[in-house]
Amino acid sequence: MRRTALLLAGLLACNPGDPGEPTSSTSTSSATSTSGVPTTTGDDVSTTTTTDTSTTGTTSGDTSTGSSSDDTSTGAAERCGDGIVDPGDLCFDPPRELEAGATPVAIDQGDLDGDGLPDLAVADFFTQSIYLHFGAGGGEFTAGPILPSFLEPRGLILAEFNNDDALDLAVADIGIDLVGIYLNDPEKPGMLGNPTPTSAGKGPRAFAAADLDDDGLVDLVVANEESNDLSLLLADTPGTFADPVSLPVGASPYDLVLADFDEDGRLDLASADQDLASVSVLLATGPGEFGPLTHFAVGPEPRSITAGDIDGDGHAEIVTASYTTTDLSILRGLGDGTFMPKPVLLPVGEGFYTAVLADLDHDGNVDVVGVHRDLGHLQVARNLGLDKIPSLDEFQVGAGPIDLVVTDLDGDGALDVATADSVAGTVTVLRANP
């Protein structure tokens, strides 16, 4: 595990200022060019680095292993393993590996078999298979059936598509430009049927799911890397979808996220556009409808996007990660669907691949949790709120981690992590040790 002190607090606390004049186009236009996209790359943030090989997290400003920067009286090395989830603790048991084919590239979690325990679904690109692992309690798993995909699965998501109180599965098959819908068998929970092909754009690779048109059915949105658009798949009947509606975005959308950026009670869309170095934002204008496209500049080649209130001001921020640059880009939200024109750059090192937001150390502040593909690390950027001193913690996982989930896998009240390791061919489970 490695710790990096980050001088970020002053940047997040800065005056919001003028949101600038981002480029806009209608949702029916072709892919937008880079003209008009702000050229700034944001404010650099300096770092200092120390190294620690333990599996117990640390925070800046405190040399005792794993203690919170707000509590220096007791180090987390003393608290880890006491079974109490203390604010600021970031401690894990040694990593455990699950088989996941040859090149697992996507992972999601949910209770597939209805036993109240989280299960894992993993897409293996090389063997064109979906690996299932069913929770057995205590953070342990039992291998389930291996499902076939259509061709080259690249993304997946678990959601309830047919309103039968059982989670189903959607898989983006980038090699054949289709989405496969696997419905759960309510008579045999955890047994997924053969995939039903559903149209998408060219090069589907990532999902978001929610009821977007208020009809009580879960809808899908798919990011299509090659056709430069998002496919809006509105549920038609339980378990089926209407023809896709194309929502053009920037060049090569690699990932997408749903969040309420303008605080009107409806979920909006944002995509990470790898070849445009921007985020495309589409605000919801009504049930299942999205308005004009707006671009906001981020760092080069964004491959991952997530959203949430990082700085505690009540507005959603957007965070993008780029595998080829050393920084995460944080777009500070203004609450009206726009963002500060210059992203804050958070240094995490080149090779960072995927990021999600979660309060991993249970201190009340959202952390950026991601994987470093080249180093085989889980990385946690925490203490990112106003008037905090941020820090970066790293934990070893399998080789080539490319995706992750954060949830309580063992029911102890502490958040655990599972990563999809594309080189090792494994899922690494990091169980919190409160």
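**Here we look at the overall build of the chain**
Now for step 1: In terms of helices and strands, the chain carries 2 helices and 31 strands.
Now for step 2: By residue count, 58% of the 434 residues in the chain fall in the buried class.
Now for step 3: Long-range contacts, defined here as pairs at least 24 residues apart, represent 48% of the contacts in the chain between residues at least 6 apart.
Now for step 4: Within the structure as shown, the chain displays about 15500 Å² of accessible surface, and the carbon and sulfur contribution to it stands at 50%.

**Considerations on the pattern of salt bridges**
Now for step 1: By the definition in use, this model includes 10 salt bridges.
Now for step 2: For D177, the salt bridge goes to K202, with nearest N and O atoms at 3.4 Å. Note that D177 is positioned in the loop between strand 10 (168–173) and strand 11 (178–182) and K202 in the loop between strand 12 (196–199) and strand 13 (204–210), a separation of 25 residues in sequence.
Now for step 3: Using a relative accessible area of 22% as the deciding quantity, one classes D177 as partly exposed.

**Focus on the environment of L357**
Now for step 1: Here L357 lies in strand 25 (residues 352–358).
Now for step 2: Every residue in contact with L357, bar those within four places of it in the chain, is listed here: T306, A307, G308, I310, V319, V366, D367 and V368.

**Some remarks on the sheet that holds strand 30 (residues 416–421)**
Now for step 1: An order of 4-31-30-29 is seen for the 4 strands of this open sheet, with the pairing classed as antiparallel. The sheet is open, and its two edges are formed by strand 4 (96–99) and strand 29 (401–407), each paired on a single side. Pairwise comparison of adjacent strand axes, ignoring direction, gives a mean angle of 25° for this sheet.
Now for step 2: Note that strand 30 and strand 31 (residues 426–430) share 5 bridges and pair antiparallel. The residue of strand 31 that forms the bridge with A420 is V427.

**Quick look at the environment of V366**
Now for step 1: With respect to the element layout, V366 can be found in the loop between strand 25 and strand 26 (367–372).
Now for step 2: V366 sits in the partly exposed class, given a relative accessible area of 23%.
Now for step 3: Through-space distance from the C-alpha of V366 to that of G312 is 8.6 Å; in sequence the pair is 54 residues apart.
Now for step 4: Excluding anything up to four places from it in sequence, V366 contacts D309, L357, A358 and L384.

**Section: the sheet that holds strand 23 (residues 327–331)**
Now for step 1: Taken together, 4 strands build an open sheet; the order of strands is 21-22-23-24 and the sheet is antiparallel. Taken across any chain shown, the strands that pair with only one partner, and hence form the sheet edges, are strand 21 (302–308) and strand 24 (344–347). For this sheet, the mean inter-axis angle between neighbouring strands, taken without regard to orientation, is 25°.
Now for step 2: Note: strand 21 against strand 22 (residues 317–322), 6 bridges, orientation antiparallel. Of the residues in strand 22, the one forming a bridge with I305 is T320.

**Some thoughts on unusual backbone geometry**
Now for step 1: Positive phi, close to 60°, is recorded for E263, a residue that is not glycine.
Now for step 2: By secondary structure assignment, the location of E263 is in the loop between strand 17 (253–259) and strand 18 (268–273).
Now for step 3: By relative accessible area, which is 41% here, E263 ends up partly exposed.

About the cut-offs
Residues numbered from 1 in each chain as written. Predicted model: local features only at pLDDT ≥ 70, side-chain atom pairs only at ≥ 80, totals over all residues. Heavy atoms only, no water. Helix = DSSP H or I, 4+ residues; strand = E, 2+ residues; numbered from the N terminus. Buried < 20%, exposed > 50% of the residue type's maximum accessible area, 1.4 Å probe, protein only. Contact = heavy atoms within 4.5 Å. Areas by Shrake-Rupley, 256 points an atom, 1.4 Å probe, with all protein chains shown as cover. Salt bridge = Lys/Arg side-chain N within 4 Å of Asp/Glu carboxyl O. Pairing = 2+ DSSP bridges. Axes fitted to C-alpha atoms, helices over the stretch in contact; angles between N-to-C directions.

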